[in-house]
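# Observations on the model geometry
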Amino acid sequence: MVITQRLRPGREPAFRRWQDEVDTAAASFAGFLGTDVARSPGTESEWTVVYRFDGADNLKLWLDSETRRALVVRAGEFFEESPSQYVLIDEGRDEAVTVAVSHPPVPGREAEFLAWQQRVIEAEKAFPGFRGSELHRPVPGIQEDWIVLFTFDSSENLERWLSSSERAALLAEGREFRGFTVKRIANPYGSWFPAGGPGAAPAASWKAALSVLVGLYPTVVILTVAIAETWPGAPLWLSLLIGNIASVCLLTWVVMPVVTRVLHFWLEPEDGERGTDARGAAISVGVLTVFAVAFWLVTTVLWTLP
């Protein structure tokens with residue numbers, strides 16, 4: 001479920017605290033897989049929140065719960081307008097710039113609507129940077145609208161399509177279906193790194209790489225030592241496989257969320273913050289140095305003692 005919501009000025013701190021409560025509450029429901037929160041691309045006050053569940057039934061239990069209703073009532077003062085909500089039943093892709101278009105029901109004209117959508121997709125394919133398009137049918141009992149997602153590799157290429165004469169002609173051709181809303185959504189399917197907070201650009205590649213190293217190095221060393229101690233005669237190919245599976249799981253769900261939270265000031269510096277690059281890099285290198293010395297002592301010195 002993808003929700004876009006526009007905050008009132010000055011409400012971001014309270015919104016973040018409230019969103020943490022919502023995330024904790026959603027995590028207690030069956031089928032919950034995770035939440036991603038990020039500012040929508042190209043805006044100052046609009047935020048995108050993605051809730052991932054393992055199926056429509058469990059999502060509906062969360063949507064209809066008294067817990068969620070109470071939280072939503074409390075949040076009314078944060079937003080300038082009613083949030084937009086899209087429910088997507090499918091596996092998604094983490095692409096560059098994704099737009100969600102919500103079309104109201106078209107009873108009796110589904111075939112005509114689908115044919116028009118196909119013409120739109122064929123036109124999109126001719127534009128540079130087009131990555132793909134997905135059509136999501138209404139979900140009975142959860143969402144009545146048709147949802148169309150289309151993705152371009154950059155904001156510039158997206159704007160080229162949105163402002164094109166080809167798109168304008170298609171919209172005129174399908175004017176019977178013009179009662180739709182268009183929303184950009186930020187990083188809808190998540191990753192190890194958040195997708196840029198207010199006033200901040202996405203994390204630079206070198207920062208992301210160094211952050212991964214901070215989490216990866218101690219995880220791999222600890223797992224390698226643990227496997228060697230508990231299973232001394234393990235075949236190399238099998239111990240590596242087990243270690244890689246365990247390290248990926250730990251990095252995704254345990255280690256990297258902690259690392260990105262601690263280094264948030266560096267990965268996503270606020271406007272006006274100075275010296276964050278040097279401070280964040282120094283902290284990262286310092287942590288790696290401490291781990292290296294500790295592991296050297298354990299593996300080289302302590303293990304050699306009688």
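For the structure, see preceding data.
Not measured: the values here are computed from a predicted model.

Another point: the sheet that holds strand β1 (residues 2-6). Judged by pairing direction, the sheet is antiparallel, and its four strands sit side by side in the order β2-β3-β1-β4 without closing on themselves. With partners counted over all chains shown, the strands left at the sheet margins are β2 (32-39) and β4 (84-86), one partner each. Strand-to-strand twist across the sheet, computed as the mean angle between neighbouring axes with direction ignored, equals 15°. Here β1 pairs with strand β3 (residues 46-53) via five bridges, running antiparallel. Looking at the pairing, Val2 lines up with Val50 of β3.

This paragraph deals with the packing of helix α1 (residues 12-27) against helix α3 (residues 66-74). Put simply, α1 and α3 touch, their axes get as near as 11 Å, and they point 175° apart. Comparing the axis directions of α1 and α3 gives the class roughly antiparallel. On the side of α1, the interface is formed by Trp18, Glu21, Val22 and Ala25, while α3 contributes Thr67, Leu71, Val72 and Arg74.

Judged by side-chain polarity, Val293, Trp296, Leu297 and Val301 come together as a nonpolar surface patch covering roughly 340 Å² of accessible area. Mapped onto the elements of the fold, Leu297 is located in helix α10 (residues 276-301). Of the residues examined, Leu297 reaches a relative accessible area of 37% and is grouped as partly exposed.

Rules used in this analysis
Residues numbered from 1 in each chain as written. Predicted model: local features only at pLDDT ≥ 70, side-chain atom pairs only at ≥ 80, totals over all residues. Heavy atoms only, no water. Pairing = 2+ DSSP bridges. Helix = DSSP H or I, 4+ residues; strand = E, 2+ residues; numbered from the N terminus. Axes fitted to C-alpha atoms, helices over the stretch in contact; angles between N-to-C directions. Parallel < 35°, antiparallel > 145°, perpendicular 65-115°, else oblique. Contact = heavy atoms within 4.5 Å. Patch = residues over 30% accessible without salt bridge, like charges linked within 9 Å, V, L, I, M, F, W, Y side chains within 5 Å. Areas by Shrake-Rupley, 256 points an atom, 1.4 Å probe, with all protein chains shown as cover. Salt bridge = Lys/Arg side-chain N within 4 Å of Asp/Glu carboxyl O. Buried < 20%, exposed > 50% of the residue type's maximum accessible area, 1.4 Å probe, protein only.

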